[in-house]
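Per-entry structural report
Residues per chain are reported as follows:
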Amino acid sequence: MSVELDVFVGNTTIMDEEVYQFWLDGYTVNDAVKVRMEGGVLEECEASAEVLRSDTMDQYRTFQMCERLLHSPAKLANQLLFQIPPHRQTMLIERYYTFDGVFVREVLGKKLSKGTKKDLDDVSAKTGVTLKSCRRQFDNFKRVFKVVEELKGPLVENIRQHFLLSDKLARDYAAIVFFANNRFETGKKKLHYLTFQDFAFCAGQLISNWTVGALDNMLEDMDVDLEKEFLQDLKELKILITDKDLLDQHKSLVCTALRGKTKAFNEMEANFKNLSRGLVNIAAKLTNTKDVRDFFIDLVEKFIEPCRSDKWTAGDMRLYLTHYTNSAHILDTFKHQVVWDRYMGVIKSCILKMYHD
Amino acid sequence: MPGKLKAKIVAGRHLPVMDRASDLTDAFVEVKFGNTTFKTDVYPKSLNPQWNSEWFKFEVDDEDLQDEPLQITVLDHDTYSANDAIGKVYIDIDPLLSSEAATVISGWFPIYDTIHGIRGEINVLVKVDLFNDLNRFRQSSCGVKFFCTTSIPRCYRAALVHGFVEELVVNEDPEYQWIDRIRTPRASNEARQRLISLMSGELQRKIGLKVLEMGGNAVVGYLQCFDLEGESGLVVRAIGTACTLDKLIPGTVLNECMCVCVCVCCCSLILSGMGSGISVGKEAGPLKTLLRQQAQSALEQREFPFFTLTCFPPGFLVHIGGVVSARSVKLLDRIHNPDEPETRDAWWEEIRQEIKSHAKALGCHAVVGYSESTTICEEVCILSASGTAAMLNPRFMREGCLDAGGSDQRLSRCGFCHIPYDEFNMPFPAQLTYCYHCRRQKVPDVLFTTIDLPAEAAVTGKGCLIQARLCRTKKKAQGEVNATAISNLLPFMEYELHTQLMNKLKLRCMNALFGLRIQISVGENMLLGLASATGVYLSALPAPGGIQIAGKTPSDLSYDQHISTMQKRINDTIVMNKELYNIHPPECIEEVVGSPIPDRQRSRLFRSTSESSDELSELDLSHGKKDAFVLEIDDTDAVEDIQSLLTDAPMPAGFYSCNTEVMPGIYNWTSGLQMFTSVRVYRLNNANLTNQGLNKIFTDLCENLLKSLYFKLRSMIPCCLCHLNFTVAVPEEELIQVRRHTPKNTSPILSIFPRNILNEEQLQFSMELCGESTSSNNQPTAKASERCSPLPEVRSRSLRSTRSLPCGAPVTVVKMTPLSFLPMTRIVKYLGIINMFFIRETTSLREEGGVSGFLHSFIAEVFAMVRAHVAALGGNAVVSYSMKECVFMENPNKNQAQCLINVSGDAVIFVRESDQEAIPPLITSGQTSTTGADGTT
């Protein structure tokens, strides 16, 4: 005797959050049943494996039917097929769009193209996230990217409204979209120690300070691209390293401020010129798309690594960057204070976020 | 002539992409009523068209208004080829014809296609202007209200109960017409849907006419069924109870407790013959008729004093005489003339006569809780009717004598238990005692009924669902031979089902069954019987004796040992069940009086068969021991019985189940409610199974189904599955189908209709969950209500809608329940009957997720369409919902499947009672009755 058909439909759609997670994680029905059995639901309810299996199948079917709606979450609220209480809808959407940190780290900054999608099996093998789940997450990124690409206005707000996501998740997606759009390099070995949250923070900084939408003209364009004019202006900062007087003056101002406040003072003094050249060169090169892509790798190579080998503490770093930024204001011949602040504000917070093991 | 129907097509949304090139659709709409068709303009290149059409006006007879549905077809315009249909919406405009019901139908309807399912939604406005018709010979019956509810609807008062109305119409099934060979499956499905819609409209109109003739204004307990007889045609039939209802002025809460009398359990079954429509058998045994001379003229003048109601106004019922049922096996032949459905009429007439005479034999002049059903396999059809024989208060039948019930006579809580017949002249042997409640009248030892537990009944402990399940093999045969074989098997099946029920009842230490429903379905090589009822301990009846096991042939020691272990297990189970159901009857002095059969608890089954109409076979199940129900283990049947007794798994803690509207012994309902449907189909691999093997499989299937439900609903504990309705079918060889529906409350109440499928059988039940916050101490009540009560939902919805900008107004939440009420709420308006029929077919079964995926989405779609229609009428719930029919056919080799579903219910508007102090009347009365029972017993 075999079960030919087994269906359970509620007027209010019944869903088990635990099973939903299994489904999202790409478990097969058999695997999900196994994990559930180990989890001890059976003893709790005196159910048999058969019952558990039937329940799991039902839930999987429901989720599959809902999946179409989850692709455009706004539809979920006014579709008629499933009667789902609003708090449930929110849960379904939020979980569907939640992604794995390990997975996103692999595709961050890559082009969201078919080619990348083909390589997902490698990613799956590497991260231990099931291929099914990888595909879902990748498709989510792509879907959000496509929708937002054509919209005007603030990025985070657009994502939140179109996909009904929480603020936190919308910000994460904004970072993913921003990275994918600018194709920032994140896969190099030197960058492996950075987590997605580090990058997401940096992306947030860049979006809110360096893009077109960052300034007053909020409605003009969306903030996926860095502002061209600003990047041009950054070239002017070169004077800080090309003008010898200015460089020396800057150095002495910073050293005076730092003396006696840190153990790493000697290293700072010795390395000042190198470090300053590093930061200013990064700024000057950002007009090239290629160099924009290498922004994070440059930050690590030119600045973070030398400091780390000199064993600066996080406190040292903060102190140094604060004085380095502020001292430039006292330089008489340096006229680009506004651009400098806009540049260093972001650089400082990014470096502070990225300066860890 | 006297009606103007107006329809306006506003907009569409979420339409499917019909033009692959542009990924868009050029949609327009055809609106059709009768033979008139209107079209909207084409709204080019949009998936969310805004037609905003003019008002399309149809001037039609009210006869047509009742029969015809408004048909809306959405199409994709194609310049070069034929326009592609996207889907259709059928709108039944009947609710607009009654002045008290809905005035406008307005809302989003799912656009339905029989091949693709729901494809987007359409916003429609419909209105009707009716002119007064003074024609005395009119054929329409506008204004007669229909209710599926089997009690007097909550916001009405019964001024007069007129009685039984029935009608049937027959037609050829379009699926079997010659034209079906050349038309597309879609066209054929649509022809069928439309025909059935027309037929049910016509049926309703005809019944309405009968009601008007009787002087009534409403039909309560309206039960409509389809018989898909295949080659021989399509029968739509309906029964109901004609009433004159007065609308209650809101605020005046009528004392709604009901006085029902239930008496002796007598299961008499009658088979009338086989052969094409020729009844061989006549009425059964020469029962000593003992009509008590009473003023019953009002009832006796009626042809059939039947009532489809299961709950009654106070004082309506006086005594009850037990279950009466009749079955008849018929051979189907082609319906030659659709306009003269006489053969079918005659069949039913016969059965009703039998029921009537059974009731007479029990000393009763009426039958309540009456229902009819059929099961068809190839050309054999079993017609069944069952009900509860009762004595009614004639006051309700006469004009102008009805005032607020219960004032003139104190409602007694045990009156319904008292026997209606003469104790010295009993129609069957039973043991009588003085009523344990009033000590004045005689009561039987056990009661079986098909009605709901009367609200005022004194109950000890809680109730529970009791099921008897049975499988019998039969040889494959054709025509008359087959019919004879079936008729020969039927009496044995009924007998065994009855024995099982009785054993299980005793095992649970209960003494009465309510809501008894016995379904027998035929397959090619087996018969399936499924009896479901709710067992209770009525305080007025004597305590049931235990069960004794006796070996007839005392042989070796191990055998005795085996018996004693069995006995011990049974005794332990009884003790455990007493604890579980909280049954602690006060120890009573044994005072058996005046009974012809002294000193024994007996259960006798009285039956008669048509073949042997003069001989009366009585089976005495009792053995010589005092106060015990004895099972003889030598008998293989008994071994089976015992096995099945003990294999019934106990319900997990926190769950209760019953198949009646309210769970006896539980009164703290919450408003959380969840309804669900479950369908299962099993394939039997081993063709050569014995009866016992089949029984075991069948029992396991039912048990598994229940277990599955308990597991699914575990998050809702404490919960009660109410109105659990099982349907079993044997759709094709080696396939059993069981269906159940369940409505349940999101918090403590939950009703379910499950339906699962087993080897060619179908079983349907609906259940409801009820949270029991007061008695279960370890369950934090606050948490439960917080989780489930709809209030937090509403709040979060409003929050949400402010956030989700693009998605317009939120969808109205529509509750569905098979109950006639929603706990903790008050129904303020009945908007009309919902009666819908859908067909869904697929030619890409695998792609749609196999049979389960296909049916899952179809049921979800049906729910969605019912909700949409209710919402469009302005309602927020469907009560008395039931899935009458769910026929599923598949052909996996061709990758095809087809499914037919018929659902019905009453659309209502309810308001929450949370802000009022009043507890629903029914609950109040229930509570008083328990406390009363505790005090008196």
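A short tour of the structure in this document, coming up. Note that the coordinates shown come from a computational prediction; the quantities given were computed from them, not determined experimentally. (Residues numbered from 1 in each chain as written. Chains lettered and ligands numbered in written order. Predicted model: local features only at pLDDT ≥ 70, side-chain atom pairs only at ≥ 80, totals over all residues. Heavy atoms only, no water.)

Another point: the overall build of chain B. Helix and strand content of chain B: 12 helices and 38 strands. Residue burial in chain B is summarised as follows: out of 937 residues, 64% are buried. Approximately 33,600 Å² of chain B is accessible, and the part contributed by carbon and sulfur atoms is 51%. (Helix = DSSP H or I, 4+ residues; strand = E, 2+ residues; numbered from the N terminus. Buried < 20%, exposed > 50% of the residue type's maximum accessible area, 1.4 Å probe, protein only. Areas by Shrake-Rupley, 256 points an atom, 1.4 Å probe, with all protein chains shown as cover.)

On to helix H5 (residues 479-507) of chain B, then. All names here are of chain B. The end-to-end C-alpha separation of H5 is 42 Å, in line with the 42 Å expected for 29 residues at 1.5 Å each. Its axis deflected by about 25 degrees at Leu490, H5 carries its strongest bend there, up to four residues before the proline Pro491. Of all 29 residues making up H5, 23 are buried, and the element is well covered by its neighbours. Cys509 sits one or two positions beyond H5 and adopts a positive phi of about 60 degrees. (Expected span 1.5 Å × (residues − 1). Bend = angle between axes of the 7 residues up to and from the residue.)

Residue and element names in this part refer to chain B. What the rule picks out here adds up to 15 cavities of 30 Å³ or more. In this structure, the largest cavity spans a volume of roughly 460 Å³. The dominant element in the lining of the largest cavity, judged by the number of residues it contributes, is helix H2 (residues 185-214), at 7 residues. Grouping the amino acids of the lining of the largest cavity by side-chain chemistry returns 17 nonpolar, 10 polar and 5 charged. (1 Å grid on protein atoms, 1.4 Å probe; cavity = no way out; pocket = protein on both sides within 12 Å on 5 of 7 lines; lining within 4 Å. Points joined across faces, edges and corners; volume = space filled by probe spheres on them. Nonpolar A, V, L, I, M, F, W, Y, C, P; charged D, E, K, R; others polar.)

Residues and elements named next belong to chain B. Reading across the sheet, the 4 strands line up as E9-E11-E12-E10 and stay open at both edges, with mixed pairing between neighbours. The open sheet has two edge strands with one neighbour each: strand E9 (145-146) and strand E10 (156-171). Judged from the 9 bridges that link them, strand E11 (residues 218-228) and strand E12 (residues 234-247) form a sheet pairing that is antiparallel. When the sheet's bridge partners are listed, Leu223 is paired in E12 with Ile239. The strands touched by H2 within the sheet are E9, E10, E11 and E12, with E10 carrying the most contacts at an inclination of about 135 degrees. Taken strand by strand, helix H4 (residues 342-361) contacts E10 and E12, and its axis lies near 135 degrees from that of E10. (Pairing = 2+ DSSP bridges. Contact = heavy atoms within 4.5 Å. Axes fitted to C-alpha atoms, helices over the stretch in contact; angles between N-to-C directions.)

So, on to the interface of chain B and chain A. One widely used convention gives an interface's size as the accessible area the parts lose upon coming together. At the junction of the two partners, chain B supplies 64 residues and chain A supplies 47 residues. Between chain B and chain A the total buried area reaches about 4,900 Å² when both faces are included, carbon and sulfur atoms providing 58% of it. Summed over the shared surface of chain B and chain A, the result is 3 salt bridges. Two residues, Arg680 of chain B and Asp6 of chain A, come together in a salt bridge whose shortest N-O distance is 3.0 Å. Here chain B and chain A share 17 residue pairs in polar contact (both at pLDDT 80 or more) between them. For the side of chain B that touches chain A, the element with the highest residue contribution is helix H11 (residues 850-872) of chain B, accounting for 13 residues. Across the side of chain B that touches chain A, the residue classes tally to 33 nonpolar, 14 polar and 17 charged. (Buried area = accessible area lost by both parts, 1.4 Å probe. Salt bridge = Lys/Arg side-chain N within 4 Å of Asp/Glu carboxyl O. Polar contact = N/O pair within 3.5 Å; in protein donor to acceptor, adjacent residues only side chain to side chain.)

Bringing the sheet that holds strand E21 (residues 512-522) of chain B into the picture now. Residue and element names in this part refer to chain B. Taking strand neighbours across the sheet as the criterion, the 4 strands line up as E19-E21-E22-E20 in an open arrangement whose pairing is mixed. Every other strand in the sheet has two partners, leaving strand E19 (447-448) and strand E20 (459-473) as the edge strands with one partner each. Pairing of E21 with strand E22 (residues 526-538), which is carried by 9 bridges, proceeds in the antiparallel orientation. Across the sheet, the residue bridging to Ile520 is Gly529, located in E22. Those strands touched by H5 are E19, E20, E21 and E22, and its axis lies near 150 degrees from that of E20. The strands touched by helix H8 (residues 691-712) are E20 and E22; relative to E20, the strand with the most contacts, the crossing angle is about 140 degrees.

Tyr320 of chain A together with Ile122 of chain B are the most contacted members of the largest nonpolar core, which has 192 residues in total. Per-element accounting of this core gives the leading share, 13 residues, to H11 of chain B. Among all residues touching Tyr320 of chain A, those that are not within four sequence positions of it are Val254, Leu258, Met268, Phe272, Leu275, Phe303 and Trp312 of chain A. Counting 61 residues, the second-largest nonpolar core is a separate cluster that includes Val380, Val446, Leu501 and Phe655 of chain B. (Core = buried A, V, L, I, M, F, W, Y, C linked by side-chain atoms within 4.5 Å.)

Turning our attention to the packing of aromatic side chains. All names here are of chain A. For the structure on display, the rule yields 47 aromatic pairs over all chains. Geometrically, the ring pair formed by Phe199 and Phe296 is edge-to-face, given 5.3 Å between the ring centres and 90 degrees between the ring planes. Of the two residues, Phe199 is situated in helix H13 (residues 196-210) and Phe296 in helix H19 (residues 295-309); the sequence distance between them amounts to 97 residues. Comparing Phe199 with Phe296, the two get one shared label, buried. Each ring, one from Trp210 and one from Phe230, has its centre 5.6 Å from the other, and the planes form 45 degrees; the classification is tilted. With Trp210 in helix H13 and Phe230 in helix H14 (residues 228-234), this pair connects stretches of sequence that are 20 residues apart. The rings of Tyr20, Trp23, Phe63, Tyr96, Tyr97, Phe99, Phe103, Phe141, Phe163, Tyr173 and Phe196 are connected pair by pair, giving a single aromatic cluster. (Phe/Tyr/Trp six-rings, centres within 6.5 Å; stacked < 30°, edge-to-face > 60°.)

So, on to the pairing of strand E36 (residues 825-842) of chain B. All names here are of chain B. For E36, the buried fraction is high: 15 of the 18 residues fall into the buried class. Here 16 bridges tie E36 to strand E38 (residues 896-912), and the two strands are oriented antiparallel to one another. What sits directly across from Arg840, in E38, is Cys899.

This part covers unusual backbone geometry. Residues and elements named next belong to chain B. In this structure, Asp23 is a non-glycine residue whose phi angle is positive, near 60 degrees. As for its placement among the helices and strands, Asp23 is situated in the loop between strand E1 (3-13) and strand E2 (27-33). The class for Asp23 is partly exposed, based on a relative accessible area of 46%. We note that Ser880 has phi near 50 degrees; this positive angle belongs to a residue other than glycine. Along the chain, the position of Ser880 falls in strand E37 (residues 877-891).

Another aspect to go through is a nonpolar patch on the surface. All names here are of chain B. On the surface, Trp178, Ile179 and Ile182 cluster together to form a nonpolar patch covering roughly 370 Å² of accessible area. Its location among the elements puts Ile179 in the loop between E10 and H2. For Ile179, a relative accessible area of 31% puts it in the partly exposed group. (Patch = residues over 30% accessible without salt bridge, like charges linked within 9 Å, V, L, I, M, F, W, Y side chains within 5 Å.)

Residues and elements named next belong to chain A. Closest axis-to-axis distance for the H19/helix H21 (residues 337-354) pair is 11 Å, and the angle between their directions is 75 degrees. As the angle between them shows, H19 and H21 are arranged roughly perpendicular. In this structure, H19 uses Phe295, Phe296, Leu299, Val300, Phe303 and Ile304 to contact H21, whose residues at the interface are Ile347, Cys350, Ile351 and Met354. (Parallel < 35°, antiparallel > 145°, perpendicular 65-115°, else oblique.)

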